[in-house]
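Coordinate analysis (summary)
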Amino acid sequence: MVGNIEVMMPNVYSNGAIAVNNGLEEKLDEFRRVLGKSDGDLLKIVGVGAGAWGSVFAALLQDSYGRFRDKVQIRIWRRGGRSVDRATAEHLFEVINSREDVLRRLIRRCAYLKYVEARLGDRILYADEILKDGFCLNMVDTPLCPMKVVTNLQEAVWDADIVVNGLPSTETREVFEEIRNYWKERITPPIIISLSKGIEAALDPVPHIITPTQMISRATGVPKENILYLGGPNIASEIYNKEYANARICGAEKWRIPLAKFLRQPHFIVWDNSDLITHEVMGGLKNVYAIGAGMVASLTKESATSKSVYFAHCTSEMIFITHLLTEEPEKLAGPLLADTYVTLLKGRNSWYGQMIAKGELSLDMGDSISGKGMIQGVSAVGAFFELLSQSSLSVLHPNEKKSVAPVELCPILKTLYKILIKREKDPRAILEALRDETLNDPRERIEIAQSHAFYKPSLLGQP
């Protein structure tokens, strides 16, 4: 009788939540077989970077598979030494005391007292320290499960089977160049999943985009088939709170299909797609226009009419740009619009645009904001403008009947560049961009793109 009761009792996570197997061990075993893992050989997964999405992704894996300690090891790396300011520590204390499950967990782990001391100003907390207890510095309102945190990069990655890139695009190259030094003696390359949404521009030998997966491949020498991109229309905190969400994992069939099955959960559906680079670029593009949307919302006091006008203009520009980037842009319309929509509703780039327009943030503060992390849309504005202003990519202007750089048909992008990068105009200029003096219907921009052979494969490094 006792044995039967033990079998029927659910497992309990270390954060107090109830865990039910639901075939997870079978999924883990299946994925281990795909990787050729033998009994007693741990599947080692490490997240590199602990922003909101990187932390949530690692926490989802920990919640699902962390209990199978003899089969899988899940860890996350973040730099040590980042202190938590007093205001954040006070807010964190309020969050802890508002959640009975979290409060009980910290007391049980003998970790509660340090948060009391931090609240009183008698102790300094560190970001890696609170992450071990399940708190991401960029998302303190959403407690996660406790995680195994490593601050030594070499220790974290040297024998990892799967590395999850949760770094901003602006930090990806530097960190993976360091990682390369630790992989020199590896016999088999790891699988790398990049969550990063951002791009860089390069002008030699021809203007082209560099994405985080390309940065990783060049920095480490890991074969391209082992590097994948995962993205979709989602907000990290809502995914962890089990709001229904979906994403796509893009890359070579060899790994994307088994990974999609391994990562899929009842509330987080993962599809797979072969078009890695274009999906990755689209993830960076929507961040550009999300900043402008935040500005419009703030400047018009959330006017639904103004926001809809902006949406019409920005989506027409994005569709125009996709025709430059891919031969079959219609396949991207749904994913791009969905990702744009969720970012406009609740993303950090839209929030940043609002704060800049309100004057609560200044451009001099940079694009790494306390409590939010990296605002990747800022660098993406500069990269897309730089690329699309190249005369070698010129297209025929419909009114002037002459060749112009593609950016001349993207007034929103031009204005955001003047506000955020050149700082020649203040945020109110975004409203001027909406008042199209030529009276052109945004539909016409789409028709121009659809009626011309705009596709520029060189932009994505294609021959």
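Here, every reference points to the structure presented above.
Cut-offs applied
Residues numbered from 1 in each chain as written. Predicted model: local features only at pLDDT ≥ 70, side-chain atom pairs only at ≥ 80, totals over all residues. Heavy atoms only, no water. Axes fitted to C-alpha atoms, helices over the stretch in contact; angles between N-to-C directions. Helix = DSSP H or I, 4+ residues; strand = E, 2+ residues; numbered from the N terminus. Parallel < 35°, antiparallel > 145°, perpendicular 65-115°, else oblique. Left-handed = near helix turned anticlockwise from the far one by under 90°. Contact = heavy atoms within 4.5 Å. Nonpolar A, V, L, I, M, F, W, Y, C, P; charged D, E, K, R; others polar. Pairing = 2+ DSSP bridges. Salt bridge = Lys/Arg side-chain N within 4 Å of Asp/Glu carboxyl O. Buried < 20%, exposed > 50% of the residue type's maximum accessible area, 1.4 Å probe, protein only. Disulfide = S-S within 2.5 Å. Core = buried A, V, L, I, M, F, W, Y, C linked by side-chain atoms within 4.5 Å. Phe/Tyr/Trp six-rings, centres within 6.5 Å; stacked < 30°, edge-to-face > 60°. Lys NZ or Arg CZ within 6 Å of the ring centre and 35° of its normal.

**Quick notes on the packing of helix H9 (residues 169-182) against helix H10 (residues 212-220)**
Interaxial distance between H9 and H10 falls to 8 Å at its minimum, and their mutual angle equals 20°. Relative to H10, H9 is oriented roughly parallel. Here the hand of the crossing between H9 and H10 comes out right-handed. Side by side, H9 and H10 meet where Ser 169, Thr 172, Arg 173, Phe 176, Glu 177 and Arg 180 of the first sit next to Pro 212, Met 215, Ile 216, Ala 219 and Thr 220 of the second. Class assignment for the residues of the contact of H9 with H10 results in five nonpolar, three polar and three charged.

**Thoughts on the sheet that holds strand S5 (residues 148-150)**
Strand order across the open sheet formed by eight strands is S5-S4-S3-S6-S7-S10-S11-S12, with mixed pairing between neighbours. A single partner strand is all that each edge strand has here, and the edge strands are S5 and strand S12 (268-273). Taken over all neighbouring pairs, the strand axes of this sheet differ in orientation by 25° on average, direction set aside. Both strand S7 (residues 191-194) and strand S10 (residues 227-231) contribute to a ladder of three bridges, which runs parallel. Each bridged residue has a counterpart across the sheet, and for Ser 194 the counterpart in S10 is Tyr 229. Contacting S10, strand S11 (245-250) and S12, helix H13 (residues 276-299) runs over the sheet at an angle of about 40° to S10.

**Considerations on the pattern of salt bridges**
This structure, assessed with the given rule, holds 27 salt bridges. One salt-bridge network, held together by shared partners, links Arg 109, Lys 114, Glu 117, Arg 123, Glu 129 and Asp 133.

**Focus: unusual backbone geometry**
Where the residue is not glycine, phi is negative for most of them; where a peptide bond is considered, it is trans in most cases. Geometrically, the link from Asp 204 to Pro 205 is a cis peptide bond, its omega value of -5° lying close to zero. With respect to the helices and strands, Pro 205 occurs in the loop between strand S8 (200-202) and strand S9 (208-210). Of note, Lys 301 is a non-glycine position whose phi angle comes to about 55°, a positive value. With a phi close to 65°, Glu 302 is a non-glycine residue in the positive phi region.

**As for the packing of helix H14 (residues 304-325) against helix H15 (residues 333-346)**
Closest axis-to-axis distance for the H14/H15 pair is 12 Å, and the angle between their directions is 140°. It follows from the interaxial angle that H14 and H15 lie oblique. Both H14 and H15 take part in a crossing whose hand is right-handed. Contacts from Phe 311, Thr 315, Met 318 and Thr 322 in H14 reach Leu 336, Leu 337, Thr 340 and Leu 344 in H15. Among the residues making up the contact of H14 with H15, the classes are represented as five nonpolar, three polar and no charged.

**Side note on the side chain of His 279**
With respect to the helices and strands, His 279 occurs in helix H13. Look at His 279 and you get buried, because its relative accessible area is 12%. Sequence-distant contacts of His 279, that is, excluding residues within four places in its chain, are made with Tyr 229, Arg 248, Cys 250, Asn 273, Leu 332 and Pro 335.

**Quick word on the state of the cysteines**
Summed over all chains, the structure comprises zero disulfides. Cys 136 takes part in no disulfide bond, and the closest cysteine sulfur to it belongs to Cys 145, at a distance of 12 Å.

**Details of the nonpolar core**
Residues Tyr 289, Tyr 310 and Tyr 352 are the most contacted members of the largest nonpolar core, which totals 63 residues. Here this core gets eleven residues from one element, more than from any other, and that element is H13. Dropping the residues within four chain positions of it, Tyr 352 is found in contact with Ile 291, Leu 361, Leu 363, Gly 366, Ile 369, Ile 375, Val 378 and Leu 420. Leu 131, Cys 136, Met 147 and Val 270 belong to the second-largest nonpolar core, a separate cluster that totals 46 residues.

**Some details on the side chain of Gln 62**
Along the chain, Gln 62 falls in helix H3 (residues 52-65). Residues contacting Gln 62, with those up to four places away along its chain left out, are Arg 67, Ile 74, Cys 145 and Pro 146.

**Let's talk about the environment of Val 149**
Mapped onto the secondary structure, Val 149 falls in strand S5. In sequence terms Val 149 and Gly 461 are 312 residues apart; their C-alpha atoms lie 37 Å from each other. In contact with Val 149, other than residues within four places in its own chain, are Ile 76, Arg 78, Asp 128, Leu 131 and Lys 132.

**Describing the packing of aromatic side chains**
According to the stated counting rule, one finds seven aromatic pairs in the structure shown. Seen in terms of ring centroids, Trp 53 and Phe 268 are 6.1 Å apart; in terms of plane orientation they differ by 80°. Their pairing is edge-to-face. Pair noted here: Trp 53 is in helix H3 and Phe 268 is in strand S12, with a separation of 215 residues, a long-range link. The same class applies to Trp 53 as to Phe 268, namely buried. Every member of this aromatic cluster is reached through a ring pair, and the members are Phe 31, Tyr 65 and Phe 262. Over the ring of Trp 351 we find Lys 372; its NZ or CZ atom is 4.9 Å from the centre of that ring.

Any link to function would need more than the numbers given here.
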